[in-house]
Amino acid sequence: ARVRVQSQVVWERRAARTIVARLPGTGRATDPDPVVIHAHYDSISVVPDISPGGDQACGPAALLEVARGLKRRPLKKDVIFVLTQGQAQNMCPR
């Protein structure tokens, strides 16, 4: 059997945000060196049907699991969690 499939991809501009959260540590409040954990949440492909979104979702999922664990058992240092967009387009803030 022969099958012909057609589709139309409509690109849309969407605003994206950098998301930052802080988990206070149990140590001295004056410690200047927090632990920073970063992941990016964007996904891109020149061919939309093969956009590796599932692969890219692993970073934010891992960051959230680490945050959950550290909330239960906090570090002495503050922990800063950062989720950025635009990594695939080389637009992550520095």
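Located above this text is the structure these notes cover.
Let me sum up the structure you'll find in this document. (Residues numbered from 1 in each chain as written. Predicted model: local features only at pLDDT ≥ 70, side-chain atom pairs only at ≥ 80, totals over all residues. Heavy atoms only, no water.)

Here we look at the nonpolar core
Here is step 1: Grouped together as the largest cluster of nonpolar side chains are seven residues: Leu23, Ala39, Leu63, Leu70, Val79, Phe81 and Leu83.
Here is step 2: Sorting the residues of this core by element identifies helix 2 (58–72) and strand 3 (79–84) as the ones contributing at least two each.
Here is step 3: Considering every element that reaches this core, the biggest residue donor is strand 3, with three residues.
Here is step 4: If we ignore the near neighbours within four places in the chain, the residues touching Leu70 are Leu23, Ile37, Leu75, Val79 and Phe81. (Core = buried A, V, L, I, M, F, W, Y, C linked by side-chain atoms within 4.5 Å. Buried < 20%, exposed > 50% of the residue type's maximum accessible area, 1.4 Å probe, protein only. Helix = DSSP H or I, 4+ residues; strand = E, 2+ residues; numbered from the N terminus. Contact = heavy atoms within 4.5 Å.)

Some points on the sheet that holds strand 3
Here is step 1: Ordered by their spatial adjacency, three strands build an open sheet running 1-3-2, and the pairing between neighbours is mixed. With one partner strand each, in any of the chains shown, strand 1 (19–23) and strand 2 (35–40) form the two edges of the open sheet. Sheet twist, expressed as the average angle between the axes of neighbouring strands with direction ignored, equals 15 degrees.
Here is step 2: The pairing of strand 2 with strand 3 spans six bridges and is parallel. Across the sheet, residue Ala39 finds its bridge partner in strand 3, namely Leu83. (Pairing = 2+ DSSP bridges. Axes fitted to C-alpha atoms, helices over the stretch in contact; angles between N-to-C directions.)

What about the side chain of Gln85?
Here is step 1: Here Gln85 shows up in the segment after strand 3.
Here is step 2: For Gln85, a relative accessible area of 15% puts it in the buried group.
Here is step 3: Among the polar contacts listed, one links the side chain of Gln85 to the side chain of Thr18, at a separation of 3.1 Å. (Polar contact = N/O pair within 3.5 Å; in protein donor to acceptor, adjacent residues only side chain to side chain.)

Section: the pairing of strand 3
Here is step 1: Counting buried positions over the six residues of strand 3 gives six, a clear majority of the element.
Here is step 2: On strand 3, burial covers both faces: Val79, Phe81 and Leu83 on one face and Ile80, Val82 and Thr84 on the other are all buried.
Here is step 3: Bridge count for strand 1 against strand 3 is five bridges, and the pairing is antiparallel. Residue pairing in the sheet places Ala21 in a bridge with Phe81 of strand 3.

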